[in-house]
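# Descriptive structure summary
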Amino acid sequence: MAKENSSHHLAEAKRKRLTWILCVSGLCILSYVLGSWQNNTVPTSSSEAYSRMGCDETTTTTRAQTTQTQTNPSSNDDDNLSSLSSTEPVELDFESHHKLELKITNQTVKYFEPCDMSLSEYTPCEDRERGRRFDRNMMKYRERHCPSKDELLYCLIPPPPNYKIPFKWPQSRDYAWYDNIPHKELSIEKAIQNWIQVEGERFRFPGGGTMFPRGADAYIDDIARLIPLTDGAIRTAIDTGCGVASFGAYLLKRDIVAMSFAPRDTHEAQVQFALERGVPAIIGIMGSRRLPYPARAFDLAHCSRCLIPWFQNDGLYLTEVDRVLRPGGYWILSGPPINWKKYWKGWERSQEDLKQEQDSIEDAARSLCWKKVTEKGDLSIWQKPINHIECNKLKRVHKSPPLCSKSDLPDFAWYKDLESCVTPLPEANSPDEFAGGALEDWPDRAFAVPPRIIRGTIPDTNAEKFREDNEVWKERIAYYKQIMPELSKGRFRNIMDMNAYLGGFAAAMMKYPSWVMNVVPVDAEKQTLGHL
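The following paragraphs examine the structure supplied in this document. (Residues numbered from 1 in each chain as written. Predicted model: local features only at pLDDT ≥ 70, side-chain atom pairs only at ≥ 80, totals over all residues. Heavy atoms only, no water.)

## Some thoughts on the state of the cysteines
Counted under the stated rule, the structure contains five disulfides. One disulfide in the model links C115 with C155; its S-S distance is 1.9 Å. Taking the torsion about the S-S bond as the criterion, the C115 to C155 disulfide, at about 95 degrees, is right-handed. With C115 in the loop between α4 (77–84) and α5 (128–131) and C155 in the loop between α5 and β1 (175–177), this residue pair connects regions lying 40 residues apart in the sequence. The disulfide bridge from C404 ends at C421, spanning 2.0 Å between sulfur atoms. Here the S-S torsion is close to 95 degrees, and the disulfide linking C404 with C421 is therefore right-handed. Within this pair, whereas C404 is found in the loop between α13 (389–395) and α14 (451–454), its partner C421 is found in the loop between α13 and α14, the two being separated by 17 residues in sequence. (Disulfide = S-S within 2.5 Å. Helix = DSSP H or I, 4+ residues; strand = E, 2+ residues; numbered from the N terminus.)

Set out below in structure tokens:
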């Protein structure tokens with residue numbers, strides 16, 4: 001009986017303990033719910049939030065009290081204790097004291113407005129209206145004449161209406177959208193010469209030219225039978241009076257890059273056609289100033305009925321060609337007066353006049369120490385000597401034109417007037433030595449250290465820096481390709497490097513269907529364009 005009573009009392013105690021635990025838990029939950037209900041509204045302003053947290057004006061009072069307590073040495077511990085035990089709450093300061101103050105101003109971004117559509121082909125330094133103010137002697141009115149400050153335009157040149165993305169290379173060599181270059185004049189004026197034809201909404205470039213009716217490709221093959229074009233010795237060319245640049249367009253398939261130039265004359269769109277095709281070209285003219293290139297820049301110079309008066313001014317224009325030709329470089333001339341016995345009637349000139357012109361050109365070439373390689377059919381080709389050892393001897397007897405002085409700065413070309421003197425080549429030790437050093441054949445030339453750097457003609461630049469620049473640009477171009485996959489697919493054909501330095505960017509871009517115009521600013525610390 002006693003055992004049963006003990007079991008009953010034990011069960012009763014467990015029940016009371018469980019009831020007490022449940023009551024306490026319920027009271028806690030109720031207290032939490034009531035507290036949440038009383039504070040469920042969201043403050044609508046920072047001042048309201050500070051009031052709830054006790055961070056308003058009482059904060060300033062507390063700071064003042066704290067400062068007074070720290071700075072008043074007469075205060076005793078009892079005063080401090082009474083202060084701490086005051087009925088006023090002690091407020092905490094949650095404000096940051098080490099923050100950067102940002103001054104927000106309401107600045108407006110200024111955007112350039114588009115120019116009037118009549119200016120869609122405006123070229124600031126090649127404006128024909130401005131050019132008419134200048135002398136017509138030596139074609140000065142067609143040279144670069146940039147606007148004065150009061151003539152500057154602060155607007156964006158708009159594309160022509162209905163402009164389309166150009167064809168990709170190599171298709172662009174043969175086709176361009178009419179809407180991009182809305183000029184039909186050349187297709188009419190040069191119809192029988194196959195410069196350009198209109199086919200619906202696009203232009204087609206058959207590759208013809210005044211002196212190559214069978215096409216530029218066949219014309220270049222004729223040249224290749226006379227001088228070597230495919231062994232890599234010739235990489236750079238300059239084409240004077242280029243038309244729509246078909247000569248340069250078809251040289252590209254032979255790994256020769258030609259810089260074509262022509263003035264903005266009655267055929268004002270010819271350079272525009274060339275660039276739309278993706279062929280290197282600039283607006284320019286043989287006038288009273290040097291061409292914008294350093295000395296010894298090109299392996300080949302070409303003139304096909306370019307109408308440049310080579311025989312005038314004592315061969316002044318030929319001396320400029322001589323300046324930009326590399327040692328051993330070639331000059332090719334076709335058109336008047338070459339083969340005048342065949343064409344004199346069609347050219348509507350007398351035989352005596354044409355013969356005199358050719359004799360004058362021959363004399364000017366000899367005065368430059370050039371050697372005539374051949375004259376066959378419509379082509380005549382001369383070659384510049386690889387050094388001036390023999391030429392220096394000749395100039396002691398025949399002094400016209402004389403050798404330029406060493407202070408003439410042969411690499412300086414920007415707005416530099418032409419001079420009737422022969423640009424001297426660097427000294428050579430033997431008749432077989434290339435003045436200034438021989439260049440590697442293409443494609444090895446692209447990454448080979450240029451002779452000018454080897455010879456130390458560029459300050460603080462050596463072979464190691466040249467190689468480092470190439471490696472840096474290889475890495476950068478690889479990264480550019482990641483963020484612009486179109487780079488390797490012909491989407492970007494005409495590219496300008498506005499500060500080329502050592503040319504690493506252009507060299508790294510060779511594997512893509514693009515061409516790069518290397519530019520070195522005239523005020524650059526190092527003038528490196530000559531080695532490019």
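## Structural notes on empty space enclosed by the protein
Enumeration over the complete set of coordinates arrives at one cavity of 30 Å³ or more. Of the volumes computed, that of the largest cavity is approximately 80 Å³. If you trace the largest cavity, you find it lined by R290, L316, T319, E320, R323, C404, D408, L418, E419, C421 and T423. For the lining of the largest cavity, the residue count by class is four nonpolar, two polar and five charged. (1 Å grid on protein atoms, 1.4 Å probe; cavity = no way out; pocket = protein on both sides within 12 Å on 5 of 7 lines; lining within 4 Å. Points joined across faces, edges and corners; volume = space filled by probe spheres on them. Nonpolar A, V, L, I, M, F, W, Y, C, P; charged D, E, K, R; others polar.)

## Quick look at helix α9 (residues 270–277)
Along α9, six of the eight residues are buried, which leaves the element largely enclosed by surrounding structure. Taken together, the buried positions of α9 are occupied by Q270, V271, F273, A274, E276 and R277. Just past α9, the residue G278 takes up positive phi, approximately 85 degrees. (Buried < 20%, exposed > 50% of the residue type's maximum accessible area, 1.4 Å probe, protein only.)

## Considerations on the packing of aromatic side chains
If you walk through the whole model with that rule in mind, you get 14 aromatic pairs. Where F212 meets Y219, the ring centres are 4.6 Å apart and the plane angle is 35 degrees; that geometry is what we call tilted. For the pair shown, F212 and Y219 are each scored as buried. Consider the rings of Y293 and F298, whose centres lie 5.1 Å apart with planes at 85 degrees: the pair is edge-to-face. The class for Y293 is buried, based on a relative accessible area of 13%. Classification of F298 as buried rests on a relative accessible area of 7%. Members of the aromatic cluster, connected to one another through ring pairs, are Y178, F203, F205 and F273. Above the plane of the ring of Y141 lies R136, whose end atom (NZ or CZ) is 4.2 Å from the centre. Here K164 stacks its cationic end above the ring of W177, 5.4 Å away from the centre of that ring. (Phe/Tyr/Trp six-rings, centres within 6.5 Å; stacked < 30°, edge-to-face > 60°. Lys NZ or Arg CZ within 6 Å of the ring centre and 35° of its normal.)

## A few points about the sheet that holds strand β4 (residues 236–240)
One open sheet holds the seven strands; their spatial order is β6-β5-β4-β7-β8-β10-β9, and the pairing between them is mixed. The sheet is open, and its two borders are formed by β6 (281–283) and β9 (371–376), each paired with just one other strand. Neighbouring strand axes in the sheet, compared pairwise and without regard to direction, differ in orientation by 20 degrees on average. Here three bridges tie strand β5 (residues 257–262) to β6, and the two strands are oriented parallel to one another. Across the sheet, F261 pairs through a bridge with I282, a residue of β6. Packing of helix α7 (residues 216–224) onto the sheet brings it into contact with β7 (298–304), β8 (325–334) and β10 (379–383), and relative to β10 it is tilted by some 50 degrees. The strands touched by helix α10 (residues 316–324) within the sheet are β7 and β8, with β8 carrying the most contacts at an inclination of about 135 degrees. (Pairing = 2+ DSSP bridges. Axes fitted to C-alpha atoms, helices over the stretch in contact; angles between N-to-C directions. Contact = heavy atoms within 4.5 Å.)

## A few points about the pattern of salt bridges
In the structure shown here, the tally under the stated rule is 26 salt bridges. One salt bridge connects E471 with K474, and the closest N-O pair in it is separated by 3.5 Å. With E471 and K474 both in helix α15 (residues 463–483) and three residues apart, this pair spans about one turn of that helix. With relative accessibility at 44%, the residue E471 sits in the partly exposed group. Overlapping salt bridges, with partners in common, bring together D217, D221, K253 and R254 in one network. (Salt bridge = Lys/Arg side-chain N within 4 Å of Asp/Glu carboxyl O.)

## Focus on the nonpolar core
If you look at the biggest cluster of nonpolar residues, it comprises 33 residues, and the most contacted ones within it are Y293, W310, W331 and W370. Mapped onto this core, the elements with two or more residues apiece are β5, β7, α10, β8, α12 (351–367) and β12 (515–518). Of the residues forming this core, the biggest block, five residues, is contributed by α10. With 29 residues, the next largest nonpolar core counts C242, Y250, A274 and V279 among its residues. (Core = buried A, V, L, I, M, F, W, Y, C linked by side-chain atoms within 4.5 Å.)

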